[in-house]
Amino acid sequence: MAETPVGLDRFDLKILDILTVEGRISVTELARRIGLSKSPTQARLKRLEDHGIIRGYRALYDPIRLRRDHVAFVEVKLSDTRERALAAFNSAVMLVPEVEQCHLIAGAFDYLLKVRTAGMPGYRAVLAEKISTLPHVASTSTYVAMQAVKEEGLLPVAPGAGGGA
């Protein structure tokens with residue numbers, strides 16, 4: 001069984017689990033679901049926000065309906081991997097809106113990017129005009145996703161939550 005994150009109790013964890021799935025739930029309903037009154041629930045929410053545990057709230061959109069259904073995973077090798085080069089790449093990649101995710105990797109390449117565009121022509125333009133021109137990029141390799149089987153990114157926070165049975 002997983003350990004409880006430091007400083008969080010079962011009410012905090014339940015709040016996080018509910019908000020992960022239902023970000024627009026009212027405080028009154030949230031309080032009812034976790035078994036506390038409204039005032040302590042609001043205080044817990046504010047504390048979680050103030051401590052940066054809850055970083056924000058957002059809408060999840062359907063990328064297919066918005067014509068952003070082309071997903072490519074891009075391996076990026078840099079010509080320089082010293083801290084200054086990594087920092088330059090990190091800062092620049094943050095400015096590429098088509099890059100949904102960017103991870104520094106321990107392995108045969110340096111970064112793995114998840115790139116979402118409207119189609120292959122859009123992806124080719126992003127690769128040529130944006131990704132390939134990022135600081136210290138030596139080479140890239142692209143893997144095109146054929147289907148998203150699981151893409152929610154919703155993990156239960158509470159130990160043992162979401163485990164079925």
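Below, the structure is looked at part by part.

Each value, and the rule that gives it
Residues numbered from 1 in each chain as written. Predicted model: local features only at pLDDT ≥ 70, side-chain atom pairs only at ≥ 80, totals over all residues. Heavy atoms only, no water. Axes fitted to C-alpha atoms, helices over the stretch in contact; angles between N-to-C directions. Helix = DSSP H or I, 4+ residues; strand = E, 2+ residues; numbered from the N terminus. Parallel < 35°, antiparallel > 145°, perpendicular 65-115°, else oblique. Contact = heavy atoms within 4.5 Å. Nonpolar A, V, L, I, M, F, W, Y, C, P; charged D, E, K, R; others polar. Buried < 20%, exposed > 50% of the residue type's maximum accessible area, 1.4 Å probe, protein only. Pairing = 2+ DSSP bridges. Polar contact = N/O pair within 3.5 Å; in protein donor to acceptor, adjacent residues only side chain to side chain. Salt bridge = Lys/Arg side-chain N within 4 Å of Asp/Glu carboxyl O. Phe/Tyr/Trp six-rings, centres within 6.5 Å; stacked < 30°, edge-to-face > 60°. Lys NZ or Arg CZ within 6 Å of the ring centre and 35° of its normal. Core = buried A, V, L, I, M, F, W, Y, C linked by side-chain atoms within 4.5 Å. Expected span 1.5 Å × (residues − 1). Lys, Arg positive; Asp, Glu negative; His and termini not counted.

Observations concerning the packing of helix H2 (residues 27-34) against helix H3 (residues 38-50)
Remark: H2 packs on H3, axes separated minimally by 9 Å, with the N-to-C direction vectors making an angle of 100 degrees. One element, H2, and the other, H3, form an angle in the roughly perpendicular class. Together, Val27, Thr28, Leu30, Ala31 and Ile34 of H2 and Lys38, Thr41, Gln42 and Leu45 of H3 make up the contact between the two elements. Class assignment of the residues belonging to the contact of H2 with H3 gives a composition of five nonpolar, three polar and one charged.

Structural notes on the pairing of strand S3 (residues 111-117)
Within S3, six of the seven residues are buried, leaving the element largely enclosed by the surrounding structure. By the bridge criterion, seven bridges tie strand S1 (residues 70-78) to S3 in an arrangement that is antiparallel. Note on S3: the bridge partner recorded for His70 is Thr117. Note: strand S2 (residues 99-104) against S3, five bridges, orientation antiparallel. Counted as the bridge partner of His103 is Leu112 from S3. Joining the antiparallel neighbours S2 and S3 is a turn of six residues.

Notes on the side chain of Asp80
Structurally, the position occupied by Asp80 is in the loop between S1 and helix H4 (83-93). A distance of 2.9 Å separates a polar atom in the side chain of Asp80 from a polar atom in the side chain of Arg82.

Let's talk about the pattern of salt bridges
For the coordinates displayed, the defined rule picks out 14 salt bridges. Arg65 serves as the salt-bridge partner of Asp62, at 3.4 Å between the closest nitrogen and oxygen. Salt bridges linked by common partners bring Asp9, Asp12, Arg44 and Arg47 together as one network.

A few points about the packing of aromatic side chains
As enumerated under the stated definition, the model contains one aromatic pair in all. Sitting over the ring of Phe11, Arg10 keeps its end group 4.3 Å from the ring centre.

Things to note about the nonpolar core
What tends to happen in soluble globular proteins is that the nonpolar side chains get buried as a cluster. Membership of the largest hydrophobic core comes to 19 residues, with the highest contact counts inside it found for Val76, Leu78, Phe89, Tyr111, Leu113, Val115 and Leu134. Contributing elements (two or more residues each) for this core: S1, H4, S3 and helix H5 (120-131). The residues contacting Phe89, other than those within four sequence positions of it, are Val76, Leu78, Cys102, Tyr111, Leu113, Leu134, Pro135 and Val137. Of all hydrophobic cores here, the second largest spans 13 residues; its members include Phe11, Leu16, Ile18 and Leu19.

Thoughts on helix H1 (residues 10-21)
For H1, with 12 residues, the first-to-last C-alpha span of 17 Å sits near the 16 Å given by 1.5 Å per residue. Among the residues of H1, those classed as buried are Phe11, Asp12, Leu13, Ile15, Leu16, Asp17, Ile18 and Leu19. Its buried side turned inward, H1 meets H2 and H3. The backbone nitrogen of Phe11 lies 3.0 Å from a side-chain oxygen of the residue at the head of H1, namely Asp9.

A closer look at unusual backbone geometry
Here the phi dihedral of Arg67 falls at roughly 55 degrees; this positive angle occurs in a residue that is not glycine. Inspection of the secondary structure assignment puts Arg67 in the loop between H3 and S1. Not every positive phi belongs to a glycine, and His136 is a case in point at roughly 70 degrees. Residue classification places His136 among the partly exposed residues on the basis of a relative accessible area of 31%.

What about the side chain of Asp110?
Inspection of the secondary structure puts Asp110 in the loop between S2 and S3. Although Asp110 is buried, it makes no salt bridge; Lys77 carries the closest opposite charge, 7.7 Å away. Within the structure, the side chain of Asp110 is placed 2.7 Å from the backbone nitrogen of Leu78, a separation counted as a polar contact. Asp110 has contacts with Val76, Lys77, Leu78, Thr81, His103, Leu104 and Ile105, leaving out every residue within four places of it along the chain.

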